[in-house]
Amino acid sequence: MKLIIDTDPGIDDAMAIAYAAAAPEIDLIGLTTVFGNTHVHQSSRNARFLVDKLGLDIPVAQGAAYPQGTGHHAPSEHVHGPEGFGDITDIPEIGANHDLNATEFLVEMARRHKGELTVCAIGPLTNIAAAMRLDPEFSQNIKQLVIMGGAVFCPGNITEHAEANIYHDALAANEVFAAPPATVVVGLDVTLKTLYKSADFDGLAQRSPDMGAFLRDISVFYLKFYKDIGGLEGCGLHDSTAVIACTHGTMFEMVETGVEVIVGGTESGATRPDSTRPAVLVCRDVDGAGVVDLFTRQVASLP
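Computed from a predicted model, the values in this text were never measured in an experiment.

*Asks:* Break down the overall build of the chain for me, with residues and values.
*Replies:* Assigned secondary structure in the chain consists of 13 helices and twelve strands. By its C-alpha atoms, the chain is 50 × 40 × 40 Å across when sized along the principal axes. Burial statistics for the chain: of 303 residues in total, 59% are counted as buried. Expressed as a percentage of contacts within the chain between residues at least 6 apart in sequence, the contacts between residues at least 24 apart total 80%. Here the chain has roughly 11500 Å² of accessible surface; of this, 49% comes from carbon and sulfur atoms. Computing the positive centroid from 19 side-chain charges and the negative centroid from 39, the chain places the two 3 Å apart.

Put into structure tokens, the structure is as follows:
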């Protein structure tokens, strides 16, 4: 599967990118970056750092710095740390961004790999909405869009109504769901059923002393957030679960429904079933233990 990950690294983004690099059934052909967990220049730096660390020869195309229609974004430092990788703050600038911006790169790759390309969006949907606007054929050119976002049948996490990726650009998300490509939604309905615990990270580090140890080290901050805020003994494999859904759809129970995104007000970012909208596949349940095991086995194969 030819895959582009649209990402805002981010601790769980780093985990997802590592999984995609390790999975033999995935041909990762590029990363596009967006604001979200960090400012976009940090997202791009972190993405290039990960590409180098994983020994990949793929481009990183920088995308949106702010939500649609605004000029401000406050990163999730309390969740991912000041530079996106928890307590690790000395992250080198390696290489350079692609000459095309994220929107242009997505459109170009969709044309080049028409009918073959999966885009996995694990940050706000600003770049995806922009690609759909730039090229009206973008939605038909890609094979599928897999979104880590939403809380269609469960409470949110950034507010009681909304999941963070959708909340950070509800306007763009609503635009995507108004006329979506073939889409799978992997939201909090399933990602909180894939808890990865401190002992899991320790085991991963033993088997993968470079990449696994790096993921263990950056996860300390993340695990503390989950413990302090939610009382959870582990973190959800949010973004990794979405990447796994790209190739292992049989591990998920999905329902078909349209989705409305509330824009503005106290419920902004809420994702609600809407039968009047074009249908997408929303993951409602998952083999959580199977996802955790698959993630571990693949990432443990890395150096």
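Further notes follow.
*Asks:* Report on the side chain of Asn 127, specifying residues and quantitative values.
*Replies:* By the element assignment, Asn 127 lies in helix 5 (residues 126-134). Classification of Asn 127 by relative accessible area gives buried; the value is 1%. A polar side-chain atom of Asn 127 sits 2.9 Å from the main-chain amide nitrogen of Ala 64. Once residues within four sequence positions are removed from consideration, Asn 127 is found in contact with Asp 6, Thr 33, Val 34, Gly 63, Ala 64, Ala 102, Thr 103 and Leu 106.

*Asks:* Give a description of the sheet that holds strand 5 (residues 144-148) that names residues and reports values.
*Replies:* In a beta sheet, neighbouring strands pair by backbone hydrogen bonds and run either parallel or antiparallel. Reading across from one edge, 3-2-1-4-5-6-12-9 is the order of the eight strands in this open sheet, with mixed pairing throughout. Each of the sheet's edge strands pairs with one partner strand only, and the pair in question is strand 3 (60-62) and strand 9 (252-257). Sheet twist, expressed as the mean angle between neighbouring strand axes with direction ignored, is 25 degrees. Of the pairings in the sheet, the one linking strand 9 to strand 12 (residues 280-286) comprises six bridges and is antiparallel in character.

*Asks:* Any chance you could break down the pattern of salt bridges for me, citing the residues and the numbers?
*Replies:* Side-chain pairing between opposite charges can occur once the charged atoms of the two side chains come close. In this structure the tally under the stated criterion is 13 salt bridges. One salt bridge in this structure joins Arg 133 and Glu 175, with 2.8 Å as the shortest N-O distance. Taken together, the residues span a long stretch of sequence, with Arg 133 in helix 5 and Glu 175 in helix 8 (residues 170-178) at a distance of 42 residues. For Glu 175, a relative accessible area of 25% corresponds to the partly exposed category.

*Asks:* With reference to specific residues and values, describe the side chain of Asp 8.
*Replies:* Along the chain, the position of Asp 8 falls in the loop between strand 1 (2-7) and helix 1 (11-22). Within the buried core, Asp 8 has no salt-bridge partner, and the shortest N-O distance to an opposite charge, that of Arg 45, equals 13 Å. At a separation of 2.8 Å, a polar atom in the side chain of Asp 8 contacts the main-chain amide nitrogen of Asn 37. With sequence-adjacent residues up to four places away left out, Asp 8 is seen in contact with Asp 13, Val 34, Phe 35, Gly 36, Asn 37, Ser 43, Ile 122, Gly 123, Pro 124 and Asn 165.

*Asks:* Go over the environment of Ala 18, please, and point to the residues and values.
*Replies:* Position of Ala 18 among the secondary structure elements: in helix 1. Between the alpha carbons of Ala 18 and Ala 300 there is a distance of 9.8 Å; along the sequence they are 282 residues apart. Sequence-distant contacts of Ala 18, defined by excluding residues within four places in its chain, comprise Leu 54, Met 211, Leu 215, Val 299 and Leu 302.

*Asks:* With reference to specific residues and values, describe helix 8.
*Replies:* Note that an α-helix has 3.6 residues per turn; residues three or four places apart therefore point the same way. Of the positions making up helix 8, those classed as buried are Ala 170, Ala 172, Ala 173, Asn 174, Val 176 and Phe 177. Lining the buried residues of helix 8 we find helix 5, strand 5, helix 7 (164-168), strand 6 (183-186), strand 10 (259-261) and strand 12.

Definitions and limits used
- Residues numbered from 1 in each chain as written.
- Predicted model: local features only at pLDDT ≥ 70, side-chain atom pairs only at ≥ 80, totals over all residues.
- Heavy atoms only, no water.
- Helix = DSSP H or I, 4+ residues; strand = E, 2+ residues; numbered from the N terminus.
- Buried < 20%, exposed > 50% of the residue type's maximum accessible area, 1.4 Å probe, protein only.
- Contact = heavy atoms within 4.5 Å.
- Areas by Shrake-Rupley, 256 points an atom, 1.4 Å probe, with all protein chains shown as cover.
- Lys, Arg positive; Asp, Glu negative; His and termini not counted.
- Charge placed at Lys NZ, Arg CZ, Asp CG, Glu CD.
- Polar contact = N/O pair within 3.5 Å; in protein donor to acceptor, adjacent residues only side chain to side chain.
- Pairing = 2+ DSSP bridges.
- Axes fitted to C-alpha atoms, helices over the stretch in contact; angles between N-to-C directions.
- Salt bridge = Lys/Arg side-chain N within 4 Å of Asp/Glu carboxyl O.

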